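Coordinates in review
So the chains spell out like this:
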Amino acid sequence: MKNVITILFIGLLSFSVNAQDKVAKIEFKTDVIDYGTIEKGADGVRIFEFTNTGNAPLIISKVTSSCGCTIPKKPDQPILPGETGQIEVKYDTNRVMPIRKTITVISNADTPTVALKIKGNVVNPNQSSMLQKKDKSVVQQ
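Predicted model, so just to flag it, every value in this text is computed and none were measured.

Moving on, we come to the overall build of the chain. Of regular secondary structure, the chain possesses two helices and eight strands. In sequence order, the chain lays out its α and β elements as α-β-β-β-β-β-β-β-β-α. Counting only residues that meet the buried cut, the chain has 26% of its 141 residues in that class. A fraction of 66% describes how many contacts in the chain between residues 6 or more apart in sequence connect residues 24 or more apart. Carbon and sulfur atoms make up 55% of the accessible area of the chain, which totals about 9700 Å².

Let us now look at the side chain of Asn52. Turning to its location among the elements, Asn52 is positioned in strand S3 (residues 45-52). Since its relative accessible area comes to 0%, Asn52 is described here as buried. Within the local environment of Asn52, its side chain forms a polar contact with the backbone nitrogen of Lys25, the two atoms lying 3.3 Å apart. Ignoring anything within four residues of it in the chain, the contact list for Asn52 reads Ala24, Lys25, Pro57, Leu58, Ile79, Leu80, Pro81, Gly82 and Glu83.

With that settled, the discussion passes to the confidence of the model for the chain. Residue-level pLDDT values for the chain average 85, and 76% of them are 70 or greater. Ranking the elements of the chain by mean pLDDT puts helix H2 (residues 130-133) last, at 48, and S3 first, at 97. Here residues 130-134 is a poorly scored stretch, pLDDT under 50, and it has one contact once near neighbours within four places are set aside; other chains count.

Per the stated rule, a full pass over the model turns up two aromatic pairs. Where Tyr35 meets Tyr91, the ring centres are 6.3 Å apart and the plane angle is 65°; that geometry is what we call edge-to-face. With Tyr35 in strand S2 (residues 32-39) and Tyr91 in strand S6 (residues 84-91), this residue pair connects regions lying 56 residues apart in the sequence. With a relative accessible area of 2%, Tyr91 lands in the buried category.

Turning our eyes to something else, we now look at the sheet that holds S6. Whenever strands of a sheet pair, they do so through backbone hydrogen bonds, lying parallel or antiparallel. On the basis of which strands lie adjacent, the open sheet formed by four strands has the order S1-S3-S6-S5 and antiparallel pairing. Each edge of the open sheet carries a strand with a single partner, namely strand S1 (26-28) and strand S5 (70-73). Strand-to-strand, the axes of this sheet are offset by a mean angle of 30°, without reference to chain direction.

Each value, and the rule that gives it
- Residues numbered from 1 in each chain as written.
- Predicted model: local features only at pLDDT ≥ 70, side-chain atom pairs only at ≥ 80, totals over all residues.
- Heavy atoms only, no water.
- Helix = DSSP H or I, 4+ residues; strand = E, 2+ residues; numbered from the N terminus.
- Buried < 20%, exposed > 50% of the residue type's maximum accessible area, 1.4 Å probe, protein only.
- Contact = heavy atoms within 4.5 Å.
- Areas by Shrake-Rupley, 256 points an atom, 1.4 Å probe, with all protein chains shown as cover.
- Polar contact = N/O pair within 3.5 Å; in protein donor to acceptor, adjacent residues only side chain to side chain.
- pLDDT = per-residue confidence, 0-100.
- Phe/Tyr/Trp six-rings, centres within 6.5 Å; stacked < 30°, edge-to-face > 60°.
- Pairing = 2+ DSSP bridges.
- Axes fitted to C-alpha atoms, helices over the stretch in contact; angles between N-to-C directions.

Spelled out as structure tokens, the structure:
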């Protein structure tokens, strides 16, 4: 009986070692998107492109943002080895302020959590700063 249990244990152990050989790997072209300076109400959609460089299907289970002003959209289908996919990010450009947000991607990849970043500055073209309006300093006037 001990021999049967030992053989089963060794069989299960070797099966689990072989199952770990196949793993998905996610590689992004870039992990930061810079919007630059954009006007209020401009198109806030940007795309993070990635490739599954592993040898198992990549399944992205969850994509979240650090703020409700940023809406990420994950792929619905698994990404097969060697194929590319994309995560769409839409920032609400009606908020006039600097952009510094993080998008967290959770998947079955060898690195299960990846942080992506967006940055930039949303400006209102109808408002100009006091510095731009002044032609002369207070001393020169």
